[in-house]
Amino acid sequence: PHGGGGPPGGGARAPVIATPRVQNNVDSPLNDMNLAVNLKADSAVWRGLSLRDFALDVTSQQGLITLRVLNGKLGDGDFSAPGTVDIRQPETRVALQPVLNHVAIQPLLAAFDMPQTMQGAVSLNGDLSGEGLTLEAAKRHWRGEAQLNASDVRLAQINLQQMVRRAVERASDRVSSDESSEQGIRQLGGTLALNNGELRFSDLKGEGDRLKLQGGGEVNIPTQQLDVTFGLTLTGWKGDDRLVTLLSQQAIPLRMYGSWNNVQYSLPVDEVLRQQLQSEAKSRLNEWLDRQPKNSDKESLRKLLRP
């Protein structure tokens, strides 16, 4: 008897492959409707975020959806994100003007599936636009800028003040600094730009206990890579007067780069100190040459000191 359920002749049945339907807005009933929605809720949950006093006021006219009100409270802060959603074209077009006031950073990172490596609170005023309404679309196909200010910022497993102090003490025994009780950044401000998955930070400036920083860099969301450099300046040094003055004025570059799940660090303190020692030696030799008689070959020696 013939075994199995295959076709006559024993040939394998070709698998049935369903062709995915191309999603677009052509058949959306909202393109033929005018409607208005006004919603208020004492509490709501979005991607794990607990919202309070949530309000939504939406109108739709033939596929152009206007978010006149979209706001609420989140933790100790509040948010607002008015804008438009245009479904009159095959691809959904979104334009939002998000505003955050003193919203906790860590829950936001969790809601957007980002590493929860930062604590603190952020205030933000932005203008975003792009294609698609999903979180994945926002990470890959949205663009815009925002001004941000953050307070009481702490980086997971990184104490910037301690990192610089220990690096300096390893590089030279001529200076030292007392342990600081504060580990974070009291205030941090700058500009944030999103461009199709690339998150760029610029004009970042901040300060903490005995610490000032400035810098910028970028985070590539789709590839989960980052490359950010801060210039760190610490005060409170003791020891050699020249090195104390240098370290109190000279920004030391801290670079964080690579995969955001395995961040690499570069803090070239020894290079900064070595350049200072070379500069000191040249300065002292120039002072010595200035004291030499006029008929000595001072210019030939000076040429040797030039870079």
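Residues numbered from 1 in each chain as written. Predicted model: local features only at pLDDT ≥ 70, side-chain atom pairs only at ≥ 80, totals over all residues. Heavy atoms only, no water.

> Tell me about the overall build of the chain, and name the residues and values.
When helices and strands are counted, the chain shows six helices and 17 strands. Within the chain, buried positions represent 36% of all 307 residues. When the accessible surface of the chain is split by element, carbon and sulfur atoms take 50% of a total near 18700 Å². (Helix = DSSP H or I, 4+ residues; strand = E, 2+ residues; numbered from the N terminus. Buried < 20%, exposed > 50% of the residue type's maximum accessible area, 1.4 Å probe, protein only. Areas by Shrake-Rupley, 256 points an atom, 1.4 Å probe, with all protein chains shown as cover.)

> Please provide a residue-by-residue account of unusual backbone geometry, values included.
Glycine aside, the phi torsion of most residues is negative, and most peptide linkages are trans. In the Ramachandran plot, Asp152 falls in the positive-phi region, its phi being about 50 degrees despite a non-glycine side chain. Assignment of secondary structure puts Asp152 in strand E9 (residues 142-155). Judged by relative accessible area, which is 54%, Asp152 ranks as exposed.

> Give a description of the pattern of salt bridges that names residues and reports values.
Per the counting criterion, the structure on display carries eleven salt bridges. Among the ionic pairs, Glu136 bridges to Arg140, the shortest N-O distance being 2.6 Å. Taken together, the positions of Glu136 and Arg140, both in helix H2 (residues 135-141) and four residues apart, correspond to about one turn of that helix. For Glu136, a relative accessible area of 44% translates into the label partly exposed. Judged by its relative accessible area of 35%, Arg140 falls in the partly exposed class. For Glu198, the salt bridge goes to Arg200, with nearest N and O atoms at 3.6 Å. (Salt bridge = Lys/Arg side-chain N within 4 Å of Asp/Glu carboxyl O.)

> Mind laying out the side chain of Ser172, listing which residues take part and the relevant values?
Relative to the helices and strands, Ser172 is located in the loop between helix H3 (160-171) and strand E10 (175-177). Exposure remark for Ser172: the relative accessible area of 10% places this residue in the buried category. Among the polar contacts listed, one links the side chain of Ser172 to the backbone nitrogen of Arg174, at a separation of 3.1 Å. Once residues within four sequence positions are removed from consideration, Ser172 is found in contact with Leu243 and Leu273. (Polar contact = N/O pair within 3.5 Å; in protein donor to acceptor, adjacent residues only side chain to side chain. Contact = heavy atoms within 4.5 Å.)

> Give me the lowdown on the pairing of E9, citing residues and values where you can.
Note: strand E8 (residues 118-131) against E9, twelve bridges, orientation antiparallel. Within the sheet, the bridge partner assigned to Gln119 lies in E9 and is Arg154. Bridge analysis of E9 against strand E11 (residues 185-195) gives ten bridges, and the strand direction is antiparallel. The residue bridging Arg143 from the neighbouring strand is Asn195, located in E11. (Pairing = 2+ DSSP bridges.)

> An account of the confidence of the model for the chain is requested, with residue identities and associated values reported.
Confidence in the prediction of the chain, expressed as mean pLDDT, is 84, and 79% of residues score 70 or more. Considering only residues more than four positions removed or in separate chains, one finds that residues 1-10, a stretch of pLDDT under 50, has two contacts. Under a pLDDT of 50 for its full length, residues 18-22 has, in the predicted model, one contact with residues more than four places off or in other chains. (pLDDT = per-residue confidence, 0-100.)

> Report on the pairing of strand E14 (residues 225-234), specifying residues and quantitative values.
Here E14 lies mainly inside the structure; seven of its ten residues are buried. Note that strand E13 (residues 211-220) and E14 share ten bridges and pair antiparallel. By the bridge assignment, Lys212 is partnered in E14 with Thr233. Count of turn residues in the E13/E14 antiparallel hairpin: four residues, of which Gln224 carries a positive phi of about 55 degrees. The sheet contact formed by E14 and strand E16 (residues 252-259) spans eight bridges and is antiparallel. When the sheet's bridge partners are listed, Phe230 is paired in E16 with Leu254.

> Explain the packing of aromatic side chains to me, using residue names and the numbers behind them.
Tallied over the full model, the rule gives one aromatic pair. With 5.8 Å between their ring centres and 65 degrees between their planes, Trp46 and Phe112 make a pair best called edge-to-face. Here Trp46 is found in strand E1 (residues 34-46), whereas its partner Phe112 is found in the loop between helix H1 (105-111) and E8, with 66 residues between them in sequence. One residue, Arg255, lies across the ring of Tyr257, its end atom 4.2 Å from the ring centre. (Phe/Tyr/Trp six-rings, centres within 6.5 Å; stacked < 30°, edge-to-face > 60°. Lys NZ or Arg CZ within 6 Å of the ring centre and 35° of its normal.)

> Explain helix H4 (residues 241-249) residue by residue, including any values.
Those residues of H4 that sit buried are Leu243, Val244, Leu246 and Leu247. Looking straight down H4, one finds its buried side chains confined to an arc of 165 degrees; they lie on one side. Of the exposed residues in H4, the ones pointing more than 90 degrees away from its buried face are Asp241 and Gln249. The opening residue of H4, the one whose side-chain oxygen lies 3.0 Å from the backbone nitrogen of Arg242, is Asp240. (Arc of directions from axis to C-beta.)

> Break down the side chain of Thr233 for me, with residues and values.
Its place among the elements puts Thr233 in strand E14. The contact partners of Thr233, leaving out residues within four places of it in the chain, are Arg210, Leu211, Lys212, Leu247, Ser248, Gln249, Gln250 and Ala251.

> Tell me about the environment of Gln157, and name the residues and values.
Mapped onto the elements of the fold, Gln157 is located in the loop between E9 and H3. For the pair formed by Gln157 and Thr117, sequence separation is 40 residues and the distance between their alpha carbons is 8.3 Å.

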